[in-house]
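Survey of secondary and tertiary structure
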Amino acid sequence: MTHPWIEVEQKFVPRPGIEDRLKELGGTQESQISFRDSYYDTRELTLMKADHWLRHREGSGWELKCPGAGGNTGSHTKYMELTAEAAIAARLCERLGTAGLGTENVSEMLGRLELQEVASFVTERSVWKLVLSGAGDEGEALTVDLDTADFGYAVGEVEALVREEAEVPKALEKIRSLSSLLGVSQHEQTPGKLIVYLQRFRPLDYQRLLEVATGKNDEQEESAA
Ligand code: V4E
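Given the structure is predicted, the values throughout are model-derived calculations rather than measurements. (Residues numbered from 1 in each chain as written. Predicted model: local features only at pLDDT ≥ 70, side-chain atom pairs only at ≥ 80, totals over all residues. Heavy atoms only, no water.)

Looking only at helices and strands, the protein has 7 helices and 8 strands in total. Each of the 225 residues in the protein was classed as buried or not, and the buried ones make up 44%. Within the protein, contacts between residues separated by at least 24 positions form 65% of all contacts whose residues are at least 6 apart in sequence. Carbon and sulfur atoms provide 49% of the accessible area of the protein, an area that totals close to 11900 Å². (Helix = DSSP H or I, 4+ residues; strand = E, 2+ residues; numbered from the N terminus. Buried < 20%, exposed > 50% of the residue type's maximum accessible area, 1.4 Å probe, protein only. Contact = heavy atoms within 4.5 Å. Areas by Shrake-Rupley, 256 points an atom, 1.4 Å probe, with all protein chains shown as cover.)

Here it is in structure tokens:
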């Protein structure tokens, strides 16, 4: 089986003139696309609380993002992206403690696992590709996505997709270099579209996620003490 992709990324607030800056740095606009994402979870947000994000993207299908080895720290994040339905189904059963559903079709599993739509929104995305000169491996471009969600939130993302954990440090280095050239601070922690959607439209769910994140931090601090 092919390894799933590991997505390494840093989000940022797009400043005015960002597209001119991307052009100056040799970037090219690859496409302008629009898609609807619908996120699913149990009523108790069992998946999101465990940092698992199940969505259906119109035109691409099902995707499950889960933490990569070593977890996520600092301003950048690193997630494993599962797109094969059999792999998604197996991970969902593992997380939700069920087995023998008799199907690997994710749409069919929703009802049986009591997964319901938590958020749904359309994104207008401008996709840019850029190869950093002097980075050694000229062939591997970074992607910069400039997104605007239909509920009025704009966010940018510098992203690299790699196959192996060993490739992550280099990807991170490139992301940091490009972010710095774009005037993005290494410490900038910009929320993604879903988090802002929950904050605005499902404040109680947002609060529950925040409590889990804070609880985790407390535990980490306690174990480090
Ligand atoms: C991983 C994750 C979420 C799922 C959405 O991921 P995201 O990268 O925001 O999707 P998108 O559409 O912008 O990019 P694409 O997949 O097309 O490249 S929602 C939240 N997280 C992780 C996370 C977290 N646990 N806590 C906080 C404060 N932010 C993010």
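In the vicinity of the ligand there are 17 residues, among which Arg-55, Lys-65, Glu-157, Glu-159 and Lys-193 approach most closely. With respect to the ligand, the side chain of Glu-9 contributes an N or O atom lying 3.2 Å from an oxygen atom. Contact between the ligand and Glu-157: an oxygen atom at 2.9 Å from a side-chain N or O atom of the residue. Considering the ligand on its own, with 660 Å² of exposed area, one finds that the protein chains cover 79% of that surface. Looking at the shell around the ligand, the elements that each hand over two or more residues are strand S1 (5-12), strand S2 (28-41), strand S3 (53-57), strand S8 (153-162) and helix H6 (193-201). Of the residues assigned to the shell around the ligand, the class counts are 5 nonpolar, no polar and 12 charged. (Near = heavy atom within 4 Å. Polar contact = N/O pair within 3.5 Å; in protein donor to acceptor, adjacent residues only side chain to side chain. Nonpolar A, V, L, I, M, F, W, Y, C, P; charged D, E, K, R; others polar.)

With that settled, consider the nonpolar core. Soluble, globular proteins show a tendency: their nonpolar side chains are buried together. Among the nonpolar cores identified, the biggest contains 21 residues, and Val-8, Phe-12, Leu-22, Val-144, Val-158, Leu-178 and Leu-182 are the most heavily contacted of them. Listing elements by their share of this core, those giving two or more residues are S1, helix H1 (18-24), strand S6 (116-130), strand S7 (142-149), S8 and helix H5 (168-181). For Val-8, the residues in contact, after removing those within four places along its chain, are Thr-77, Lys-78, Val-158, Glu-159, Ala-160, Val-162, Val-168, Ala-171, Leu-172 and Ile-175. (Core = buried A, V, L, I, M, F, W, Y, C linked by side-chain atoms within 4.5 Å.)

Let us now look at the side chain of Asp-205. As for its position among the elements, Asp-205 is in helix H7 (residues 203-224). A residue is classified by how much of its surface remains accessible, and Asp-205, at 9% relative accessible area, is buried. Beyond its immediate sequence surroundings of up to four residues, Asp-205 is in contact with Leu-45 and Val-118.

Glancing now at the pattern of salt bridges. Considering all chains together, one arrives at 14 salt bridges under this definition. Across the salt bridge formed by Asp-37 and Arg-57, the nearest N and O atoms sit 2.7 Å from each other. You can see Asp-37 sitting in strand S2 and its partner Arg-57 sitting in strand S3, a full 20 residues away along the chain. Both residues of the pair, Asp-37 and Arg-57, belong to the buried class. Taking the shortest distance from any N to any O, the salt bridge between Asp-147 and Lys-193 comes out at 2.7 Å. Taken together, the positions of Asp-147 in strand S7 and Lys-193 in helix H6 put the pair 46 residues apart, joining distant regions of the chain. One network of salt bridges, with partners in common, ties together Arg-125, Asp-145, Asp-147 and Lys-193. (Salt bridge = Lys/Arg side-chain N within 4 Å of Asp/Glu carboxyl O.)

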